[in-house]
Protein chains: 2
Amino acid sequence: MAGDRVVTACIIVIGNEVLSGRTRDANIQFLAGQLNEAGIRVVEARVIPDITQTIIDTVNDCRKRFDYVFTTGGIGPTHDDITSASIAEAFGVALERNAEAEARLRAHYRNDETLLNASRLKMADIPAGATLIDNPISTAPGFRIGNVFVMAGIPKIVEAMFLSFRHELTGGAPVVSRTVSAVVGEGDLAAGLGALQADFPDMDIGSYPYFRPGRIGVSVVIRGTDAARVDEAAAALRDLYRQLGAEPIEGEDSRK
Amino acid sequence: MAGDRVVTACIIVIGNEVLSGRTRDANIQFLAGQLNEAGIRVVEARVIPDITQTIIDTVNDCRKRFDYVFTTGGIGPTHDDITSASIAEAFGVALERNAEAEARLRAHYRNDETLLNASRLKMADIPAGATLIDNPISTAPGFRIGNVFVMAGIPKIVEAMFLSFRHELTGGAPVVSRTVSAVVGEGDLAAGLGALQADFPDMDIGSYPYFRPGRIGVSVVIRGTDAARVDEAAAALRDLYRQLGAEPIEGEDSRK
């Protein structure tokens, strides 16, 4: 998974709370930003419910199609936490009590059997052959099996878990990104921007209009693995803005 | 699509900006909340890139599997706005200039050919046989074709578009939801909550722990189509909290 080829990833958010609208997911944005920085392209993200067969099918589909799969959610102590068991089934391995995970939980709960009850011990049940992912926030570990990384759902724990294994990921060439904005109508920019994309087929050029009271503008994001080419495209974009009578604004337009 | 059977939906977010981490999606939460209120269960949400074949394959997969499909993103005037053309291809119909869409744009841009250039006119290209979705914010319409509703990506426009066609959707029995929280460890609640779920198999009971400085607690969400049963389950949950020595807090625990 190195060199010049594109390294791909899929994020699977497991959680009824996102599909009911109760919770606005934050994990896709965090993971996508981190993975892109690491040279790993997130090609798809899915939000799926807490249903065993759906988890199995989605994980088995995605782990074949992408270099890396990252899941969030469903590894806690309650009846609706079925991710670990489902992933064991997806890999056709046993879900078994992991001695190291149990030791961590025993230490965290000071070996108090009232605290470390059967429900909490369930969090030490890990698919056979998986390696643990540290959880510096609340101890109960995630795990990696094959190319699938299984994390908790709470954003702070996802962040901590990801940072604990980030160094183990092998990315392709990191993607460099430049954003240049201007107070110009997207439709007025479109023809020139299409020509710019044609001149720089090796870049991903995205156009994101914004509408604020009294000001309509566009942020254009140029992304690519060749930093010099990205800079070249950004310079051409600045020229295009000026031809349209608009002053380029570096980055997002954050002026009030 | 009525009566007691479950009416399902899939949300497809089309946009490189979400997969790169630039943008935190807001449309899934808005649409999921609205759809659930309308008695339509969101069974899956996907975020996919601006790639024609991916859009075609995803839309064709989802429109067969779900009663309704809602897409956001990619219907603007720039080169990366390829949703309309891709969906025409998915349905095997022509993408053609829609007279009504063109008339709306001409009125909006006061028939000024400088403003209503070829790029902006592209927003009047709609798959043959589709019906328009009003856009009270920036005029350029979305459209409905078959069971697929195609909207812009900007959250304020998605909201306005959705509200314009919401009355056309036929849901099943609306889902009623009650949330009761308590300052109790999720692992201490888990066994009793599992028993509660077993007693109420017709309810979806979800457990969502929260961690704040000085306070660890759980919000439990009970969802179902029978309001009386939901209330009954909520009463049993309050009893469970009290057995654990915790006072039930109605709704989310929003105390500082």
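Residues numbered from 1 in each chain as written. Chains lettered and ligands numbered in written order. Predicted model: local features only at pLDDT ≥ 70, side-chain atom pairs only at ≥ 80, totals over all residues. Heavy atoms only, no water.

Asker: When you look at the nonpolar core in this model, what are you seeing that I'm missing?
Answerer: Taken as a class, soluble globular proteins show a tendency for nonpolar side chains to be buried jointly. Judged by nonpolar contacts, the single largest core of 112 residues is most densely connected at A:Phe70 and B:Phe70. Setting aside chain neighbours within four positions, we find A:Phe70 in contact with A:Ala9, A:Cys10, A:Ile11, A:Ile12, A:Leu31, A:Leu35, A:Phe149, A:Met151, A:Phe162, A:Phe165 and A:Leu169. (Core = buried A, V, L, I, M, F, W, Y, C linked by side-chain atoms within 4.5 Å. Buried < 20%, exposed > 50% of the residue type's maximum accessible area, 1.4 Å probe, protein only. Contact = heavy atoms within 4.5 Å.)

Asker: Is there a simple way to think about the packing of helix 3 (residues 52–65) of chain B against helix 4 (residues 83–91) of chain B in this case?
Answerer: Packed helix pairs are characterised by how far apart their axes lie and by the angle those axes make with each other. All names here are of chain B. The interhelical angle for the contact between helix 3 and helix 4, taken along N-to-C directions, is 50°, at an axis separation of 9 Å. Judged by the inter-axis angle, helix 3 sits oblique to helix 4. The interaxial crossing formed by helix 3 with helix 4 has right-handed handedness. Residues Thr 52, Ile 55, Ile 56, Val 59, Asn 60 and Arg 63 of helix 3 pack against Thr 83, Ser 86, Ile 87, Glu 89, Ala 90 and Phe 91 of helix 4. Here the contact of helix 3 with helix 4 is built from residues that sort into six nonpolar, four polar and two charged. (Axes fitted to C-alpha atoms, helices over the stretch in contact; angles between N-to-C directions. Helix = DSSP H or I, 4+ residues; strand = E, 2+ residues; numbered from the N terminus. Parallel < 35°, antiparallel > 145°, perpendicular 65-115°, else oblique. Left-handed = near helix turned anticlockwise from the far one by under 90°. Nonpolar A, V, L, I, M, F, W, Y, C, P; charged D, E, K, R; others polar.)

Asker: Explain the packing of aromatic side chains to me, please; I cannot follow it from the model alone.
Answerer: Geometrically, a pair of aromatic rings is defined through the distance of the ring centres and the angle of the planes. Residues and elements named next belong to chain A. Scanning the entire structure with this criterion turns up 16 aromatic pairs over all chains. Their ring planes at 90° and their centres at 5.9 Å tell us that Phe 30 and Phe 162 sit as a pair that is edge-to-face. Taken as a pair, Phe 30 in helix 2 (residues 27–37) and Phe 162 in helix 7 (residues 155–165) lie far apart in primary sequence, 132 residues in all. Of the residues examined, Phe 30 reaches a relative accessible area of 18% and is grouped as buried. Centroid distance Tyr 68 to Phe 70: 6.0 Å. Interplanar angle 40°. Geometry classified as tilted. For the pair shown, Tyr 68 and Phe 70 are each scored as buried. Here a set of aromatic residues connected by ring pairs shows up, and it is made of Phe 30, Tyr 68, Phe 70, Phe 149, Phe 162 and Phe 165. (Phe/Tyr/Trp six-rings, centres within 6.5 Å; stacked < 30°, edge-to-face > 60°.)

Asker: So what exactly am I meant to see when it comes to the environment of B:Leu31 here?
Answerer: All names here are of chain B. Relative to the helices and strands, Leu 31 resides in helix 2 (residues 27–37). In this structure, the C-alpha to C-alpha distance between Leu 31 and Glu 159, residues 128 residues apart in sequence, is 8.1 Å. Ignoring sequence-local partners within four residues, the contact set of Leu 31 consists of Ile 11, Phe 70, Thr 72, Met 151, Val 158 and Phe 162.

Asker: Help me out: how do you make sense of the interface of chain B and chain A in this one?
Answerer: Every contact between the two is made by 55 residues of chain B and, on the other side, 55 residues of chain A. In this assembly, chain B packs against chain A so that about 4300 Å² is buried in total across both faces, 53% of it on carbon and sulfur atoms. Looking only at chain B, the three residues that lose the most surface to chain A are B:Arg22, B:Arg24 and B:His79, adding up to 16% of its buried area. Linking chain B with chain A are four salt bridges, by the criterion used here. (Buried area = accessible area lost by both parts, 1.4 Å probe. Salt bridge = Lys/Arg side-chain N within 4 Å of Asp/Glu carboxyl O.)

Asker: Quick question: what am I supposed to make of the sheet that holds strand 12 (residues 249–250) of chain A here?
Answerer: In any sheet, the strands associate via hydrogen bonds between backbone groups, in a parallel or an antiparallel arrangement. Residues and elements named next belong to chain A. In spatial order, the strands read 10-11-9-12; together these four strands make up an open sheet with antiparallel pairing. Of all strands in the sheet, those with a lone pairing partner are strand 10 (204–212) and strand 12, marking the two edges. Strand direction decides the pairing type here: strand 9 (residues 176–182) and strand 11 (residues 215–224), joined by seven bridges, are antiparallel. Residue pairing across strands places Ser 181 opposite Ser 219, the latter belonging to strand 11. Lying on the sheet, helix 8 (residues 186–199) is in contact with strand 10 and strand 11; it crosses strand 10 at an angle near 170°. Across the sheet, helix 9 (residues 227–243) touches strand 9, strand 11 and strand 12, and the angle it forms with strand 9 is around 5°. (Pairing = 2+ DSSP bridges.)

Asker: Would you mind going over the relation of the copies chain B and chain A with me for this structure?
Answerer: One copy of the chain maps onto the second through a rotation around an axis plus a translation along that axis. With an RMSD of 0.0 Å, the fit of chain B onto chain A corresponds to turning through 180° and sliding 0.0 Å along the axis. Accordingly, the operation relating the two chain copies is best matched by a two-fold axis. Nearest to the rotation axis, the C-alpha of B:Arg46 is located 2.2 Å from it, this being the minimum over chain B. When the interface residues of chain B are mapped onto chain A, 98% of them again lie at the interface, so the same face is used by both copies. (Least-squares fit on C-alpha atoms with pLDDT ≥ 70 in both.)

Asker: Sorry, what's going on with helix 5 (residues 99–108) of chain B here?
Answerer: One turn of an α-helix holds 3.6 residues; hence residues three or four places apart share an orientation. All names here are of chain B. Buried residues of helix 5: Ala 101, Glu 102 and Leu 105, and no others. All buried residues of helix 5 lie within an arc of 100° about the axis, which places them on one face of the element. Exposed residues pointing more than 90 degrees away from the buried face of helix 5 are listed as Ala 99 and Ala 107. Buried residues in helix 5 make contact with strand 4 (95–97), helix 6 (118–121), strand 5 (125–127) and strand 6 (131–133). The N-terminus of helix 5 is capped by Asn 98, whose side-chain oxygen sits 3.1 Å from the backbone nitrogen of Glu 100. Arg 110 lies just past helix 5 and shows a positive phi near 50°. (Arc of directions from axis to C-beta. Polar contact = N/O pair within 3.5 Å; in protein donor to acceptor, adjacent residues only side chain to side chain.)

Asker: For this particular structure, what's the right way to read the domain arrangement of chain A?
Answerer: Accessible area lost during the coming together of the parts is what is often quoted as the interface size. Taken domain by domain, chain A comprises domain 1 (7–168) and domain 2 (176–250). The C-alpha-based centres of domain 1 of chain A and domain 2 of chain A are spaced at 38 Å. (Domains from an automatic or database assignment.)

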